[in-house]
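# Summary of structural features
Here is what each chain is made of, one letter per residue.
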There are 2 protein chains.
Amino acid sequence: MEIKVLHQVMEWNDDVSAQVRETLQDHKVCLINVMGSPGAGKTSLITALIGRLRQQFAIGVIEGDITGQIDAEKIAALNIPAVQLNTDGACHIEAMSIQHILPQFDLDALDVLFVENIGNLVCPAEFDIGENFRLTVLSIPEGDDKVAKYPLMFTDTDCLALTKCDMLPYFDFDLDRVAADYRGVNPGGPLFRLSTRTGEGLDELAGHLAGRIRAALA
Amino acid sequence: MEIKVLHQVMEWNDDVSAQVRETLQDHKVCLINVMGSPGAGKTSLITALIGRLRQQFAIGVIEGDITGQIDAEKIAALNIPAVQLNTDGACHIEAMSIQHILPQFDLDALDVLFVENIGNLVCPAEFDIGENFRLTVLSIPEGDDKVAKYPLMFTDTDCLALTKCDMLPYFDFDLDRVAADYRGVNPGGPLFRLSTRTGEGLDELAGHLAGRIRAALA
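Residues numbered from 1 in each chain as written. Chains lettered and ligands numbered in written order. Predicted model: local features only at pLDDT ≥ 70, side-chain atom pairs only at ≥ 80, totals over all residues. Heavy atoms only, no water.

## Observations regarding the overall build of chain A
If you tally the helices and strands in chain A, you get eight helices and eight strands. Computed over C-alpha atoms, the radius of gyration of chain A comes to 16 Å, within 12% of the 17 Å expected from 2.2 N^0.38 for 218 residues, which places it in the range of a compact globule. Dimensions of chain A, computed from C-alpha atoms along their principal axes, come out at roughly 45 × 35 × 35 Å. Taking as baseline every contact in chain A between residues at least 6 positions apart, the subset at least 24 positions apart corresponds to 76%. Carbon and sulfur atoms make up 48% of the accessible area of chain A, which totals about 8300 Å². In chain A, 17 positive and 32 negative side-chain charges are present, and the distance between their average locations comes to 6 Å. (Helix = DSSP H or I, 4+ residues; strand = E, 2+ residues; numbered from the N terminus. Rg over C-alpha atoms; globule rule 2.2 N^0.38 Å. Contact = heavy atoms within 4.5 Å. Areas by Shrake-Rupley, 256 points an atom, 1.4 Å probe, with all protein chains shown as cover. Lys, Arg positive; Asp, Glu negative; His and termini not counted. Charge placed at Lys NZ, Arg CZ, Asp CG, Glu CD.)

## Focus on the pairing of strand β6 (residues 133-139) of chain A
Note on strand geometry: in a regular strand, side chains alternate between the two faces of the sheet. All names here are of chain A. Among the seven residues in β6, seven count as buried, and that is most of the element. Judged from the five bridges that link them, strand β2 (residues 30-36) and β6 form a sheet pairing that is parallel. Paired with Ile32 across the two strands is Phe133, which belongs to β6. Here β6 runs beside strand β7 (residues 159-163); their pairing, made up of five bridges, is parallel. Following the sheet pairing, Ser139 is matched in β7 by Thr163. (Buried < 20%, exposed > 50% of the residue type's maximum accessible area, 1.4 Å probe, protein only. Pairing = 2+ DSSP bridges.)

## Some remarks on the confidence of the model for chain A
Predicted coordinates in regions of low pLDDT should not be interpreted in detail. Averaged over every residue, the pLDDT of chain A is 94; the share at 70 or more is 94%. Scoring of the predicted complex yields 0.92 for pTM and 0.88 for ipTM. (pLDDT = per-residue confidence, 0-100.)

## Considering the packing of helix α2 (residues 42-53) of chain B against helix α8 (residues 202-217) of chain B
Residue and element names in this part refer to chain B. Where α2 contacts α8, the axes come no closer than 10 Å and their chain directions differ by 70°. In terms of axis orientation, α2 runs roughly perpendicular to α8. Once α2 is placed against α8, the crossing between them reads as right-handed. For the pair α2 and α8, contact is made by Leu45, Ala48, Leu49, Arg52 and Leu53 and by Leu202, Asp203, Leu205, Ala206, Leu209, Ala210 and Ile213, respectively. Split into classes, the residues belonging to the contact of α2 with α8 amount to ten nonpolar, no polar and two charged. (Axes fitted to C-alpha atoms, helices over the stretch in contact; angles between N-to-C directions. Parallel < 35°, antiparallel > 145°, perpendicular 65-115°, else oblique. Left-handed = near helix turned anticlockwise from the far one by under 90°. Nonpolar A, V, L, I, M, F, W, Y, C, P; charged D, E, K, R; others polar.)

## Section: α8(B)
An ideal rise of 1.5 Å per residue puts 22 Å on 16 residues; α8(B) measures up with 22 Å between its terminal C-alpha atoms. Looking at the buried positions of α8(B), the neighbouring elements they touch are β2 (30-36), α2, β5 (112-116), β6 (133-139), β7 (160-163) and β8 (191-193) of chain B. (Expected span 1.5 Å × (residues − 1).)

Right, here's the structure in full:
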């Protein structure tokens, strides 16, 4: 599938996220903002979720990267509509870019739009891009102190996905510490233990998302 | 050792980095700016380098974090002067903060000042903080596409440290691809394969840094 490459326009985020949300609501599309560090496994997770959700929902993906289109090529290979958003150096996606990019999709033919944000555990959490749902990804190799050190990303999210859990035997990672830190900043926020390599937890997360998507589209 | 906590003042970086550089040169202190993703192993690497360099050089550390003082506590436990710089949400350190923090150290008693930047593969590379030397850290679990996807961090650096190389058997990581991408953006830039767990490559990197430090202090 062909990949379009657009470049991020830096303008104020004010009001634009509300316009994006309204547009998506008009067209009955649920936007899921996927955030996490570089290499946390965001693309692999989106790929695994596409496999589990595409029978129920028509899915599109916006791949955010500073440069290049490595991830959009992976998504397009699945025969899923993908648009690469290049921020040309900027460390996060803003609502203005999403607004600018939406006409690239046939929104009436979509139910779900995943946005893979720039790999960054800091700034993306500060910008509402018009999403219905925020999914924060933290991988085991990053270490168990990340919720304490980067709290906003875990506070302003709807779900925490712990990825690469098949690597737990090889890292000194205290799951209880992460769970406790997460509960401290986000009481009641769901947490999923996942591995895209073994499949652990993916059906559970896909089921949770399916419920959230149906609620957003109702 | 007691830890001081300062908070980042957001002001323009212009000229301040040159003032920092001049101050450090007056006091014969070499500043090393350590950058990389959250969980890349920056603190572990600085700790390992302290162990190998403290016989030759008097070392201090500025630990940059959004919040908290987890890493400064680790450094202070080594009986090394450590100051925690909290950016209160900001995703990088600016020269103004370094200028503000330098009086917390007895600069005449120091040879080397490590600055551990905020865990972020994007923005820190954009800000000159008055350093003599930039050290970029990339860990194996982050994946072999990171030089291609975040080029500035690998272009504007003096050295690439590949950490967690003991994890190579467990990840699909192509060392040749990373080396080739790095050569593409930073011809002649040194690359070290490291593991703080097995000790691989640490003596070599410490030796390289010792040479650079001596040159800076000459």
